Amino acid sequence: MASAGRTAESLLQLITAGELTFAMEGHDGLSAAIVERAGFKVLWASGLSISSSLGYRDANEASWSEVVNVVERMADAVRIPILVDGDSGFGNFNNARLMASKLRRCGASGVCLEDKVFPKINSFVGDRHPLAETAEFCGRLKAIKDRIPDPEFVLVARIEALIAGRGMDEALARAYAYAEAGADAILIHSRRSDADEIFAFTRAWQNLLPVVIVPTKYYRTPLSAYRAAGISMVIWANHNLRAATAAMRHICGRIVREETIAGIESEVATLDEVFDLLKYQELAAAEERYLPQKASGVRQPV
C-alpha cells in the first residue's frame, strides 16, 4: 500500500483552502513524475488519458482494475496528491465502492465520480450522454463514503447535466443532492467554448461545497474570472497526452522522411533526463549500500 498522507498539503487542504489550485493530467508513472517536477500540487489521473495510453477509447473499455494498476504506478512515482477520474464508478454502488477502496489502498488521495450511466462515453464525443437517476447516483456516493470513512479521502461529484442538455435547474438540483449524499466537492462540466454556464452555476451555488472545473473547451477564459467566481480547482485534464501525441507524431514523421535520427536529437529529451525523472541515481546509491562490494584483492577466509 502506498503512503496515505502523501504531502504536507493534502488534497483536502488544497481543495478547501479558498484559493485557486491547479491539477495537471498524468497517465502513467513517467508523466506523473513530469507533473510533479514541473511544480503542480495535484495530479489528475485522467480517464481519457489512461484509456488512450492503454489503446482504449474513453468509453469504459479499460476496466477499473486496469485503471487502478496505472494509478498505483503513478502513486509510486510521485508524492503529490492524486485525484483519480473514476468515470461513473464502472457499474453500480458496489463497483464504485470497490474501485474507490482499491484506489485508496494504492495511494490515491481522492476520486471523482460522474453522474452518467455505465458504460459512459467521453463528454466531448457525440450527443448521447444518458444520466444516472439522482437517487441511484447518490447511492454510489454514499457507498464510497461508507467504505472509506477517512475524511482525507476526497470524493468529488461530477455533474454532467449541462453536457446532457438538461439545463441549469437540474444541475443545481443534482448538486444539492450530491452534497447531502456526502460529496466533498462538486465538479461542474460544460462543453461550451465560453464559461457562461460555469459562472451561472457558481453564482447560484454560492460555494456550498468547493467547485472544480475542467476548462478544456473554454480555455480562453482568464484565470482572474475563476478566482472572482470562487472556484477552488482547475483541472488541465488531457494536455500531457495531447502534447505527447503531437510530439511523437512529429518525431516519427521526421525519422521516416529523413531516415536518420541525427536531425532530431536536439528536439527530444536526453536519456539522462529520463534517467533523472525515474530516479536511477537512487538505484545506484542503493547498489552501493546493499550489493556486495567488488573484491579488493585481499584473499577472504574460506
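The structure under discussion appears in the preceding block.
Calculation rules
- Residues numbered from 1 in each chain as written.
- Predicted model: local features only at pLDDT ≥ 70, side-chain atom pairs only at ≥ 80, totals over all residues.
- Heavy atoms only, no water.
- Salt bridge = Lys/Arg side-chain N within 4 Å of Asp/Glu carboxyl O.
- Helix = DSSP H or I, 4+ residues; strand = E, 2+ residues; numbered from the N terminus.
- Buried < 20%, exposed > 50% of the residue type's maximum accessible area, 1.4 Å probe, protein only.
- 1 Å grid on protein atoms, 1.4 Å probe; cavity = no way out; pocket = protein on both sides within 12 Å on 5 of 7 lines; lining within 4 Å.
- Points joined across faces, edges and corners; volume = space filled by probe spheres on them.
- Nonpolar A, V, L, I, M, F, W, Y, C, P; charged D, E, K, R; others polar.

Caption draft 1: Seen up close, the pattern of salt bridges. In this structure the tally under the stated criterion is 22 salt bridges. In this structure, the salt-bridge partner of E114 is R158, at a minimum N-O distance of 3.7 Å. On the criterion of sequence distance, the pair formed by E114 in strand β4 (residues 110–114) and R158 in strand β5 (residues 154–159) is long-range, its members being 44 residues apart. Residue R158 is classed as buried on the basis of its relative accessible area of 8%. Linked through salt bridges whose partners overlap, the residues forming this network are D58, D87, E114, K116, K120, R158 and E160.

Caption draft 2: Representation of empty space enclosed by the protein within the structure. Under the criterion given, the structure shown has one cavity of 30 Å³ or more. In this structure, the largest cavity occupies an estimated 160 Å³ of space. Looking at the largest cavity, it is lined by 15 residues, and the ones nearest its centre are L48, D85, N122, R158 and A237. Taken together, the residues of the lining of the largest cavity sort by class into five nonpolar, six polar and four charged.

Caption draft 3: Looking closely at the layout of surface pockets. Within this model, the largest pocket holds a volume of roughly 560 Å³. Going through the elements one at a time, α2 (29–38), α10 (239–258) and α11 (271–277) are the ones with two or more residues in the lining of the largest pocket. Looking at which element gives the most residues to the lining of the largest pocket, the answer is α10, with seven residues. Counted by class, the lining of the largest pocket contains twelve nonpolar, three polar and two charged residues.

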